[in-house]
Amino acid sequence: MITRFVMAVSVALFFTPVPFGFAQEHPEHPKKKEEAKTGEHLKKAEDQKAVSTEEISAGIKKHIQSEREKSGDKRFHVDYEGKDLALDLVKVHDDRLSGLGEGKYFACVDMNATDGTTYDIDFFMSGKPGDMKVTESSVHKVNGKALYNWKEEGGVWKKVPA
């Protein structure tokens, strides 16, 4: 009797579909719900060409490189609490790149300062693949400590205190 029950449960579990959405996307960065669910190419708008995460990554790297070439010390500069930080790119978080719709995109990168401090910088961009412009940037974390978090309200991601 127990053997039959164990066999029946085993067969039932074997044929039960497994949901593939166990892991939630990085909750502290903005991301469209559709992207988290599908993992497909990101849409700028219904009538425009889809933009891949590779194109978003290339766009942010191009921006950082362009800004480095303009600076005298060949570092990326950002203002943080009234200080001019000279930073070097460590990593673009390709797993956190997002299309936000309407030709807007989000990128998150880690950068190191000359004193060894690590900064997580959030970038918002707009434009077409190959010609994306950064519209906003902010220091999100200092040495891993979040200065703010992201919360979705009515389909719109907003910064909230950490």
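Worth saying up front: this structure is predicted, and the values here are computed from it rather than measured.

## Some thoughts on helix H3 (residues 53-70)
Thought 1: If you check H3, its first and last C-alpha atoms are 26 Å apart, about what 18 residues at 1.5 Å a residue would give, namely 26 Å.
Thought 2: Looking at H3, one finds that the buried residues are Ile-56, Ser-57, Gly-59, Ile-60, His-63 and Ile-64. The buried residues of H3 all sit within an arc of 160 degrees when viewed along its axis, so they share a single face. Exposed residues lying more than 90 degrees from the buried face of H3 are Glu-54, Lys-62 and Glu-69.

## Quick word on the environment of Lys-104
Thought 1: When you line up the elements, Lys-104 lands in strand E6 (residues 104-113).
Thought 2: Residue Lys-104 is classed as partly exposed on the basis of its relative accessible area of 45%.
Thought 3: Linking Lys-104 and Gly-127, residues 23 residues apart in sequence, is a C-alpha distance of 7.0 Å.
Thought 4: Discounting residues that sit within four places of it in the chain, Lys-104 has contacts with Ser-98, Gly-99, Met-125 and Ser-126.

## Examining the packing of aromatic side chains
Thought 1: Scanning all chains against the criterion turns up 6 aromatic pairs.
Thought 2: Ring plane angle 70 degrees and centroid distance 5.8 Å describe the contact between Phe-76 and Phe-123, whose orientation is recorded as edge-to-face. Here Phe-123 lies in strand E7 (residues 118-128) and Phe-76 lies in strand E3 (residues 76-80), a separation of 47 residues in the sequence. Phe-123 shares its class with Phe-76; the two are buried.
Thought 3: Here the aromatic rings of Phe-106 and Trp-150 are separated by 6.3 Å at their centres, their planes lie at 80 degrees, and the arrangement is edge-to-face. Residue Phe-106 is found in strand E6, and its partner Trp-150 is found in strand E10 (residues 148-153); the two are separated by 44 residues along the sequence.
Thought 4: Taken together, the ring pairs in this structure connect Phe-106, Phe-124, Tyr-148 and Trp-150 into an aromatic cluster.
Thought 5: Over the ring of Tyr-148 we find Lys-159; its NZ or CZ atom is 4.6 Å from the centre of that ring.

## Some details on the environment of Lys-74
Thought 1: Along the chain, Lys-74 turns up in the loop between H3 and E3.
Thought 2: Other than its neighbours up to four places away in sequence, Lys-74 contacts Arg-68 and Glu-69.
Thought 3: A distance of 3.1 Å separates the side chain of Lys-74 from the backbone oxygen of Glu-69, its partner in a polar contact.

## Description of the pairing of strand E5 (residues 98-101)
Thought 1: Of the strand pairs in this sheet, E5 and E6 are connected by 3 bridges, and their pairing is antiparallel. The residue of E6 that forms the bridge with Gly-99 is Tyr-105.

## Looking at the nonpolar core
Thought 1: Formed by 22 residues in total, the largest nonpolar core has its most connected members in Ile-60, Leu-87, Val-109, Tyr-119 and Ile-121.
Thought 2: Only H3, E3, strand E4 (83-92), E6, E7 and strand E8 (131-142) provide two or more residues apiece to this core.
Thought 3: With 5 residues, the top contributor of residues to this core is E6.
Thought 4: Once residues lying within four places of it in the same chain are set aside, the contact partners of Ile-60 are Val-92, Ala-107, Val-109, Phe-123, Met-125 and Val-134.
Thought 5: Phe-106, Cys-108, Phe-124 and Tyr-148 belong to the second largest nonpolar core, which has 5 residues in total.

Criteria and thresholds
Residues numbered from 1 in each chain as written. Predicted model: local features only at pLDDT ≥ 70, side-chain atom pairs only at ≥ 80, totals over all residues. Heavy atoms only, no water. Helix = DSSP H or I, 4+ residues; strand = E, 2+ residues; numbered from the N terminus. Expected span 1.5 Å × (residues − 1). Buried < 20%, exposed > 50% of the residue type's maximum accessible area, 1.4 Å probe, protein only. Arc of directions from axis to C-beta. Contact = heavy atoms within 4.5 Å. Phe/Tyr/Trp six-rings, centres within 6.5 Å; stacked < 30°, edge-to-face > 60°. Lys NZ or Arg CZ within 6 Å of the ring centre and 35° of its normal. Polar contact = N/O pair within 3.5 Å; in protein donor to acceptor, adjacent residues only side chain to side chain. Pairing = 2+ DSSP bridges. Core = buried A, V, L, I, M, F, W, Y, C linked by side-chain atoms within 4.5 Å.

By themselves, these observations are geometric and do not establish any function.
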